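# Residue-level structural notes
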Amino acid sequence: MDTVLEEVSEDLHSSSSKRLKKKKDPKILIPLGADSFKRSDNDPITLGDKNSDDSGIDNGNSNNNSNNNNNNNNNNNNNNNHDEGDYEYEEKSAWERFSEFLVKCAETSGITFASLFVLGAAGVGYHNFYKERVIDKMSQAFDKGDEAFELTMHKRTTNQEGDWIERPQQRLLTSILEGSVVGRYFLVTGEKGCGKSSMILNSMKNVDSFNCAFLDAHSDPEIFRIRLGKALRFEFHEDYIGSLFSIRGPRDTTALLDIERAFNKLEEVAVRRVKKYGKPLVLIINNAHLIKDDEEGVKLVELLQQKAEALSGAGLVTMIFNSDDYWLYERLKKLGTRLEVINVRDFNRSQAIHALRVARRRFFNEQVDDKIANQVYNLIGGRPQHLAEVSKQANMILASHKLIDREKTWFLNQCGLLGSSMDDDVNESGKFSTSAMLLMKIFVKMYEKDEFTMNGEDKEHHLPELPLWRARQIMTRNDYIQHYDNLNIFTIDSSNSFVRADSVPMMRGFVEIASQPGFEELLQDSLDRVAEIESLGRTREIVAKDLFLGGQYRIGTSSNEAEFVVKLKAAKGDDEEDTPIKMQPTTSSGARKFWDKRLNEDK
């Protein structure tokens with residue numbers, strides 16, 4: 001088989017360098033009547049006589065006709081089927097072979113370059129189309145309408161005229177979303193449930209979300225990236241198919257780089273829309289406190305603040321951060337030059353009563369009594385979240401008491417005192433609890449001294465507060481206060497850095513806990529135990545074995561100049577039982593006593 005292949009390749013090689021050439025056939029003149037003419041190799045050529053020539057003419061004519069027919073058939077056969085004997089090979093010159101090679105190279109190069117040109121043109125065309133498509137999609141995210149479906153539920157809950165209670169901060173937020181305020185970015189702060197998000201969504205509804213985008217923050221940067229892409233209608237090149245044209249997309253990266261790319265595209269969109277409408281875009285980041293206060297979270301906040309500073313300074317984008325916790329303010333304060341803080345507080349008495357009337361009319365179709373409405377405000381204050389929860393219950397007074405008990409229980413579950421029997425392994429938890437109780441004790445004294453209790457229908461709630469630095473002095477720690485703020489036990493006002501109880505129900509829980517008999521002793525025992533555990537870590541023990549009751553050790557120096565005796569004696573009062581100290585009643589009947597006391601304070 002190998003021999004046959006070699007022969008075939010040799011034939012092909014030889015045939016490529018040769019070309020076929022037809023042989024030259026010798027032409028022989030044959031006289032008429034040549035059919036009867038025969039000669040040998042030695043005979044001369046002779047001609048016949050005249051008669052024979054005449055007689056042979058007719059025969060020759062007939063023979064010629066037959067010969068012509070035969071020649072025609074032979075010519076046809078020769079034209080269709082050439083014998084190899086009629087042709088011969090002629091060697092091609094080197095120039096002819098080189099010319100053919102150049103022609104083939106030119107054909108191959110032309111096909112290759114044409115394919116590359118078509119592929120490149122298609123790739124560049126798709127890439128440019130994709131870039132324009134990304135800009136158009138992101139621009140559509142700021143058109144009128146609810147692209148992220150954030151306003152859907154808000155519209156359903158505020159579809160009646162007069163339902164919404166406008167506060168002073170509402171007008172400022174509306175002007176920001178309308179594009180009237182340029183050159184600044186904002187941090188909206190306040191306690192959980194005071195109505196920050198609802199105010200922002202209501203302002204978005206007033207402008208029909210024009211030039212506005214809204215997203216909820218998350219502790220995971222990847223989830224934050226996805227939510228940002230949803231709000232801006234940016235796919236982060238995940239739908240890019242440029243790889244079909246051998247163009248690699250930029251998707252293989254981290255979440256922070258994706259967020260950077262999204263803001264770069266947002267800048268291009270903002271430039272176009274500002275030229276078209278003359279107003280900056282507004283990007284709202286809700287629940288920004290959910291970003292973790294760790295390395296990744298700090299990097300994310302730093303990136304967002306850099307973009308907020310640059311874009312707001314250029315008049316392109318106004319960013320609004322909505323946060324419940326104080327730590328975000330501390331991060332933004334370090335580098336903020338255009339930062340402005342909007343602090344949202346609870347309803348006052350008239351606003352709270354109006355909110356209760358609206359809610360009772362919606363849920364029960366009834367007119368609430370002013371006396372009951374004032375009692376509810378005296379018990380739980382003007383927090384919109386608490387008012388909405390209580391107004392949905394048939395008995396609002398009972399629901400208010402349960403709300404106060406729940407807040408008090410939450411505080412005890414997080415910061416309950418362990419007393420003198422606290423194990424040394426939980427010393428950190430003991431420090432956390434005693435620090436909170438010390439600050440709570442100061443607030444209770446201020447509350448009782450200044451008579452903040454509500455005993456009329458015209459007084460407002462003003463909870464006692466302390467500067468942040470003073471609160472840290474009282475707790476002897478500077479790191480716990482932010483954790484308390486995150487747990488909604490204490491709150492730090494970002495506008496003036498003052499600390500107070502998180503809410504009126506929480507403050508009432510503080511008062512009831514501090515009023516329990518034995519609370520001061522339990523707090524002091526916990527403080528002593530914490531100090532004892534800390535001292536154990538700084539001292540060394542000497543263990544004396546085999547010292548029985550009544551036995552003694554005599555310890556001294558080698559010179560006997562100084563010695564002392566260690567003797568084991570029975571301790572007094574070992575058989576006495578510990579009396580339990582309560583921070584709150586453990587039965588339902590005991591809890592109701594607080595309810596009666598709260599109502600008596602309101603009279």
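Moving on, we get to the environment of S197. With respect to the helices and strands, the residue S197 is situated in helix α6 (residues 196-206). We classify S197 as partly exposed; its relative accessible area is 23%. Spatially, the C-alpha atoms of S197 and N322 are 7.5 Å apart, while their sequence positions differ by 125 residues. When sequence neighbours within four positions are dropped, the list of residues in contact with S197 reads N286 and N322.

Here we take up helix α18 (residues 504-514). Counted residue by residue, α18 has 10 buried out of 11 residues, so it is predominantly covered. Turning to α18, its buried residues are V504, P505, M506, M507, R508, G509, F510, V511, E512 and I513.

Let us look at the sheet that holds strand β9 (residues 490-493). Sheet architecture is open: 3 strands sit in the order β8-β10-β9, paired in antiparallel fashion. The outermost strands of the open sheet, each flanked by one partner alone, are β8 (465-467) and β9. Taking each pair of neighbouring strands and ignoring which way they run, the sheet shows an average axis angle of 30°. Pairing of β8 with strand β10 (residues 498-501) involves 3 bridges; the strand directions are antiparallel. What sits directly across from E465, in β10, is R500. Here helix α15 (residues 427-449) sits on the sheet in contact with β8, β9 and β10, set at roughly 120° to β8.

On to the nonpolar core. Generally speaking, a soluble globular protein has its nonpolar side chains buried in company with each other. Of all hydrophobic cores here, the largest spans 81 residues; its most connected members are L232, F321, F411, L439, F490 and F510. Per element, the largest residue contribution to this core is 8 residues, and it comes from α15. Counting only domains with at least three residues in this core, you end up with domain 1 (139-245 + 255-345) and domain 3 (399-558). Filtering out sequence-adjacent residues up to four positions away, F321 remains in contact with Y185, F186, L187, V188, I285, A288, L304, A308, L328 and L332.

Within the secondary structure, I135 is located in helix α3 (residues 94-140). The class of I135 is buried, set by a relative accessible area of 3%. For I135 and K265, which are 130 residues apart along the polypeptide, the C-alpha to C-alpha distance reads 7.0 Å. The residues touching I135, leaving out its near neighbours within four places in the chain, are K265, E268, V269 and R272.

Side chains carrying opposite charge are able to pair once their charged atoms draw close together. The full count for this structure, using the stated rule, is 29 salt bridges. One salt bridge in this structure joins E295 and K299, with 3.6 Å as the shortest N-O distance. Taken together, the residues E295 and K299, both in helix α9 (residues 295-313) and 4 residues apart, mark about one turn of the helix. Taking the relative accessible area as the measure of exposure, E295 reaches 57% and is therefore exposed. Here the salt bridges do not stand alone but share partners, grouping E191, R345, E465, D493 and R500 into one network.

What follows concerns the packing of helix α13 (residues 384-391) against helix α14 (residues 396-415). Taken N-terminus to C-terminus, the directions of α13 and α14 make an angle of 130°; their axes are 9 Å apart at the nearest point. Classified by the angle between their axes, α13 and α14 sit oblique to one another. Here α13 runs over α14; the crossing is right-handed. Residues H386, E389, V390 and S391 of α13 pack against M396, A399, S400, L403 and R406 of α14.

Inspection of the secondary structure assignment puts N322 in strand β6 (residues 317-323). Within the structure, N322 has its side chain in polar contact with the side chain of N286 (distance 2.5 Å). In this structure N322 touches V188, K196, S197, I200, I285, N286, N287, A288 and H289, once residues within four positions along its chain are discounted.

Across the interface, helix α12 (residues 370-380) lies against α14 with an axial gap of 10 Å and an inter-helix angle of 0°. Classified by the angle between their axes, α12 and α14 sit roughly parallel to one another. Touching I372, Q375, V376, L379 and I380 of α12 are M396, I397, S400, H401, L403 and I404, all from α14. Split into classes, the residues belonging to the contact of α12 with α14 amount to 8 nonpolar, 3 polar and no charged.

What counts and how
- Residues numbered from 1 in each chain as written.
- Predicted model: local features only at pLDDT ≥ 70, side-chain atom pairs only at ≥ 80, totals over all residues.
- Heavy atoms only, no water.
- Helix = DSSP H or I, 4+ residues; strand = E, 2+ residues; numbered from the N terminus.
- Buried < 20%, exposed > 50% of the residue type's maximum accessible area, 1.4 Å probe, protein only.
- Contact = heavy atoms within 4.5 Å.
- Pairing = 2+ DSSP bridges.
- Axes fitted to C-alpha atoms, helices over the stretch in contact; angles between N-to-C directions.
- Core = buried A, V, L, I, M, F, W, Y, C linked by side-chain atoms within 4.5 Å.
- Domains from an automatic or database assignment.
- Salt bridge = Lys/Arg side-chain N within 4 Å of Asp/Glu carboxyl O.
- Parallel < 35°, antiparallel > 145°, perpendicular 65-115°, else oblique.
- Left-handed = near helix turned anticlockwise from the far one by under 90°.
- Polar contact = N/O pair within 3.5 Å; in protein donor to acceptor, adjacent residues only side chain to side chain.
- Nonpolar A, V, L, I, M, F, W, Y, C, P; charged D, E, K, R; others polar.

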